[in-house]
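# Structural overview
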Amino acid sequence: MTKTTEKGAGSLFSLNERAAQAFNEIAEYLELAGENKFKIKAYIKASSVLRQLEGDLEELSDAGDLQSIPGVGKAIAEKLEFFVSHGSMPMLEELRAQIPPGLVAISGLPGLGPKKTAQLNKELGVGDLGELRQALLDGKVVELKG
């Protein structure tokens, strides 16, 4: 198998860190989409484990040992294998296409994470910063539970 990534190539971050960031982003998008909390936690855990991983992800992939990483099951290992080989994850690209960029911007505001942003979107139809501003001015946000 020919790897399209090389250690240190194309980024200041290690392959492990880039994979961790990708899984963290997947978790955020899944939360924005209102996905199952256990699925979200699996991606958060994978991100955390990859950040702390002392071994080299590419070497583990080459040896077929990705599932030896704590918290990495078959589905996560398959995504990691693709990431190591291609430098991307189709699932992440699909989520980026499905979730409006405005929701990502809202979830980055202090005090608003993906869960609250999903609530704003679902209950008030807020999809970007302008709509959030208008909902605030109209007093709709204070009416929301939580």
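Residues numbered from 1 in each chain as written. Predicted model: local features only at pLDDT ≥ 70, side-chain atom pairs only at ≥ 80, totals over all residues. Heavy atoms only, no water.

### Concerning the layout of surface pockets
In this structure, the largest pocket spans a volume of roughly 280 Å³. Around the largest pocket sit 13 residues that line it, and Glu31, Gly34, Glu35, Ile40 and Lys115 are the ones nearest its centre. Those elements giving two or more residues to the lining of the largest pocket turn out to be helix H1 (15-32), helix H2 (37-52) and helix H7 (114-124). Considered class by class, the residues forming the lining of the largest pocket number five nonpolar, two polar and six charged. (1 Å grid on protein atoms, 1.4 Å probe; cavity = no way out; pocket = protein on both sides within 12 Å on 5 of 7 lines; lining within 4 Å. Points joined across faces, edges and corners; volume = space filled by probe spheres on them. Helix = DSSP H or I, 4+ residues; strand = E, 2+ residues; numbered from the N terminus. Nonpolar A, V, L, I, M, F, W, Y, C, P; charged D, E, K, R; others polar.)

### Focus: the nonpolar core
Most often, soluble globular proteins have nonpolar side chains that are buried together. Phe23, Ile26, Tyr43, Leu50, Leu57, Ile69 and Leu80 are the most contacted members of the largest nonpolar core, which has 38 residues in total. Elements supplying a minimum of two residues to this core: H1, H2, helix H3 (57-62), helix H4 (74-86), helix H5 (90-98), helix H6 (101-107) and helix H8 (129-137). The biggest single contributor to this core is H1, with ten residues. (Core = buried A, V, L, I, M, F, W, Y, C linked by side-chain atoms within 4.5 Å. Buried < 20%, exposed > 50% of the residue type's maximum accessible area, 1.4 Å probe, protein only.)

### Focus: the confidence of the model for the chain
Low pLDDT marks regions whose predicted coordinates should not be analysed in detail. With 91% of its residues at a pLDDT of at least 70, the chain reaches an overall mean of 88. Every residue in residues 1-12 scores below 50 in pLDDT, and together they form 23 contacts with partners more than four places removed in sequence or on other chains. (pLDDT = per-residue confidence, 0-100. Contact = heavy atoms within 4.5 Å.)

### Observations regarding the packing of H2 against H4
Two elements in contact, H2 and H4, have axes separated by 11 Å at closest approach and are oriented at 55°. Judged by the inter-axis angle, H2 sits oblique to H4. You can see that H2 and H4 cross each other, and the crossing is right-handed. On H4, the residues that touch Ala42, Tyr43, Ala46 and Leu50 of H2 are Ile76, Lys79 and Leu80. Each residue belonging to the contact of H2 with H4 can be placed in one class, and the counts come to six nonpolar, no polar and one charged. (Axes fitted to C-alpha atoms, helices over the stretch in contact; angles between N-to-C directions. Parallel < 35°, antiparallel > 145°, perpendicular 65-115°, else oblique. Left-handed = near helix turned anticlockwise from the far one by under 90°.)

### Considering the pattern of salt bridges
Where charged atoms from two side chains of opposite charge come close, those side chains can pair. Summed over the entire model, instances satisfying the criterion amount to three salt bridges. Among the salt bridges present, the one from Arg51 reaches Glu17, with a minimum N-O distance of 3.2 Å. Here Arg51, found in helix H2, pairs with Glu17, found in helix H1; they are 34 residues apart in sequence, far enough to count as distant. When the shortest N-O distance is used, the salt bridge between Glu25 and Arg96 registers 2.8 Å. Of the two residues, Glu25 sits in helix H1 while Arg96 sits in helix H5, which places them 71 residues apart along the sequence. Judged by relative accessible area, Arg96 falls into the partly exposed class, the value being 35%. Each of Glu25, Glu93 and Arg96 takes part in one network of salt bridges that share partners. (Salt bridge = Lys/Arg side-chain N within 4 Å of Asp/Glu carboxyl O.)

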